[in-house]
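# Structural overview
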Amino acid sequence: MENKIIETQNLGLFVSNLIDSKAEVIGPKRKNGKYAFGKIPKASDLHLDCDTTLLPPKMYLLPPKETLIKFELGEEPEVEPVVEAKPMILFGVHPYDIKAIELLDTAFSTTNLDINYLSRREKTTIIGIDCLNPNPNAFCASLGTATTETGFDLMLTDIGDSYMVAIGSSKGKDLLTKYAKTREATQQELAQRDSERQKALARYKVTLNMSPEEVPQLLDKSWDSPLWKERSEKCLSCGSCVMVCPTCFCFDVQEDVALNLKEGERYRQWDACMLPGFALVAGGGNFRGDKESRFRHRMYRKGKYLWERYAKLGCVGCGRCATACLAEIASPAETFNLLKEETK
């Protein structure tokens with residue numbers, strides 16, 4: 001993989017040039033003492049030193065709510081598909097979020113192609129950055145998602161007075177050529193990049209006490225564990241854990257007709273398995289009406305179901321769920337570790 005160097009003093013120029021291009025630049029910004037992805041109007045608004053953002057960049061590829069079709073009623077009804085996609089640069093995406101986007105790419109491009117997601121994804125450039133100061137609840141190092149060699153157009157690593165830039169695609173290379181001042185990376189700087197990554201791995205405070213490949217096997221024999229009831233009793237059924245998750249992609253589809261009864265739209269919005277009404281069906285039945293079954297289902301989705309379907313865990317270890325959970329029960333690592341102790 002080709003590597004370049006951008007001097008720290010020249011990074012702002014690169015960002016400013018991207019802002020002046022036709023693409024919208026989205027990146028982590030300060031928000032009430034935390035960080036959130038948002039539009040970057042000027043280079044100084046971009047904070048690449050954040051530990052994690054409140055919501056994942058997934059929200060720009062799969063919006064919380066989006067119109068799918070618009071329709072007009074009458075003797076000759078008309079239906080118009082809505083596909084909104086424009087050039088966009090996601091700047092400052094951490095490796096774990098890049099791995100989550102790779103999972104979404106797989107989910108929305110197999111079996112049933114999702115034209116809305118794929119159109120938006122095609123016009124999106126991903127500029128990642130290594131997370132050198134991880135969130136206290138993160139366990140990416142245990143899942144192999146603390147670094148990535150795929151899924152990005154450019155990947156930055158802060159090595160002090162400069163940024164190492166790994167080029168992951170021809171699109172990324174073109175951006176550097178057109179908008180950035182770069183030079184070739186030296187072997188010493190490559191070694192410094194590797195050293196910074198290794199030091200970052202040692203900063204993770206949460207550890208999964210097994211390999212990722214062991215998780216599906218563990219869940220195979222844990223369906224009747226009393227841990228599900230014990231852990232879920234504190235659950236508030238608020239859905240915070242799944243709404244901040246970078247790998248959750250469930251949604252609900254509804255239609256809304258205007259008051260004039262002449263026009264309307266079909267839209268989708270995020271939905272999630274931890275919400276009481278998610279498995280509600282006609283007639284009032286609910287396949288997962290209790291907190292225990294919802295909590296167990298979420299953990300099986302993270303550790304088993306998506307693994308069986310896509311050969312990828314449904315968790316990248318970002319720690320957002322644990323941070324958002326008021327009941328302090330949402331961390332998959334904590335649950336999986338307890339299950340392992342139970343089976344000894």
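Reading guide: rules and limits
- Residues numbered from 1 in each chain as written.
- Predicted model: local features only at pLDDT ≥ 70, side-chain atom pairs only at ≥ 80, totals over all residues.
- Heavy atoms only, no water.
- Helix = DSSP H or I, 4+ residues; strand = E, 2+ residues; numbered from the N terminus.
- Rg over C-alpha atoms; globule rule 2.2 N^0.38 Å.
- Buried < 20%, exposed > 50% of the residue type's maximum accessible area, 1.4 Å probe, protein only.
- Areas by Shrake-Rupley, 256 points an atom, 1.4 Å probe, with all protein chains shown as cover.
- Pairing = 2+ DSSP bridges.
- Contact = heavy atoms within 4.5 Å.
- Axes fitted to C-alpha atoms, helices over the stretch in contact; angles between N-to-C directions.
- Patch = residues over 30% accessible without salt bridge, like charges linked within 9 Å, V, L, I, M, F, W, Y side chains within 5 Å.
- Salt bridge = Lys/Arg side-chain N within 4 Å of Asp/Glu carboxyl O.
- Core = buried A, V, L, I, M, F, W, Y, C linked by side-chain atoms within 4.5 Å.
- Domains from an automatic or database assignment.
- Buried area = accessible area lost by both parts, 1.4 Å probe.
- Polar contact = N/O pair within 3.5 Å; in protein donor to acceptor, adjacent residues only side chain to side chain.
- Nonpolar A, V, L, I, M, F, W, Y, C, P; charged D, E, K, R; others polar.

### A word on the overall build of the chain
Of regular secondary structure, the chain possesses 12 helices and 12 strands. Its C-alpha atoms give the chain a radius of gyration of 22 Å, within 12% of the compact-globule value 20 Å for 344 residues. When its C-alpha atoms are laid out on the principal axes, the chain stretches across 65 × 65 × 40 Å. With 344 residues in all, the chain has 51% of them scored as buried. Approximately 16800 Å² of the chain is accessible, and the part contributed by carbon and sulfur atoms is 50%.

### Observations regarding the sheet that holds strand β8 (residues 154–158)
Strand order in the open sheet formed by eight strands is β3-β2-β6-β7-β8-β9-β1-β10, with mixed pairing between adjacent strands. For this open sheet the edge positions go to β3 (34–39) and β10 (183–184), each flanked by a neighbour on one side alone. In this sheet, β10 lies alongside strand β1 (residues 3–7) in antiparallel orientation, the contact comprising two bridges. Counted as the bridge partner of Lys4 is Glu184 from β10. Contacts between helix α2 (residues 95–109) and the sheet are confined to β6 (88–93), β7 (124–129) and β8, with β7 contributing the most and set at about 145° to the helix.

### Comments concerning a nonpolar patch on the surface
Taken together, the side chains of Leu73, Val257 and Leu261 define a hydrophobic patch exposed on the protein surface, amounting to about 270 Å² of accessible area. Residue position: Leu73 is located in the loop between β4 (65–72) and β5 (78–81). Classification of Leu73 as partly exposed rests on a relative accessible area of 43%.

### Observations regarding the sheet that holds β4
Read across the open sheet, the four strands follow the order β5-β4-β12-β11; overall the sheet is antiparallel. Looking at strand neighbours, the two that pair on one side only are β5 and β11 (251–257), the edges of this open sheet. Across the sheet, the mean angle from the axis of one strand to that of its neighbour is 20°, orientation sign disregarded. Looking at chain direction, β11 and strand β12 (residues 263–270) are connected through seven bridges and run antiparallel. Note on β12: the bridge partner recorded for Glu255 is Arg266.

### Details of the pairing of β1
Burial within β1 is extensive, with four of its five residues counted as buried. When β1 meets strand β9 (residues 162–167), the two strands line up antiparallel, connected through five bridges. Within β9, the position partnered with Ile6 by the bridge is Tyr163.

### Quick word on the nonpolar core
Judged by nonpolar contacts, the single largest core of 30 residues is most densely connected at Leu208, Leu219, Trp228, Val242, Met274, Phe336 and Leu339. Where this core is concerned, the elements lending two or more residues are α7 (214–220), α8 (227–232), α9 (240–243), α10 (291–310) and α12 (332–343). With residues up to four places along the chain from it excluded, the contact list for Leu208 reads Phe139, Ser142, Leu143, Val215, Ala333, Phe336 and Asn337. Leu18, Ala23, Leu154 and Val165 belong to the second largest nonpolar core, which has 24 residues in total.

### Topic: the domain arrangement of the chain
Parsing the chain into structural domains produces domain 1 (3–201) and domain 2 (214–343). Taken over C-alpha atoms, the centre of domain 1 sits 25 Å from the centre of domain 2. Taken together, the 42 residues of domain 1 in the interface contact 39 residues of domain 2. Among the residues of domain 1 in contact with domain 2, Phe71, Leu103 and Phe139 are the three that bury the most area, contributing 19% of the side total. Applying the counting criterion to the domain 1 and domain 2 interface returns three salt bridges. Our count for the domain 1 to domain 2 interface comes out at 18 residue pairs in polar contact (both at pLDDT 80 or more). Elements represented by at least two residues in the side of domain 1 that touches domain 2 include exactly β4, α2, α3 (115–122) and α4 (140–143). Considering every element that reaches the side of domain 1 that touches domain 2, the biggest residue donor is α2, with 10 residues. In terms of residue class, the side of domain 1 that touches domain 2 is made up of 23 nonpolar, 10 polar and nine charged.

### Examining the pattern of salt bridges
Summed over the entire model, instances satisfying the criterion amount to 22 salt bridges. Of the charged contacts in the structure, one is a salt bridge between Asp114 and Arg268, with a shortest N-O distance of 2.7 Å. Residue Asp114 is found in the loop between α2 and α3, and its partner Arg268 is found in strand β12; the two are separated by 154 residues along the sequence. Overall, the relative accessible area of 12% leaves Asp114 in the buried class. Arg197 is the salt-bridge partner of Asp130, the closest N and O atoms lying 2.8 Å from each other. With Asp130 in the loop between β7 and α4 and Arg197 in helix α6 (residues 187–201), this residue pair connects regions lying 67 residues apart in the sequence. Each member of the pair, Asp130 as well as Arg197, carries the same accessibility label: buried. Overlapping salt bridges bring together Glu2, Lys4, Lys173 and Glu184 as one network.

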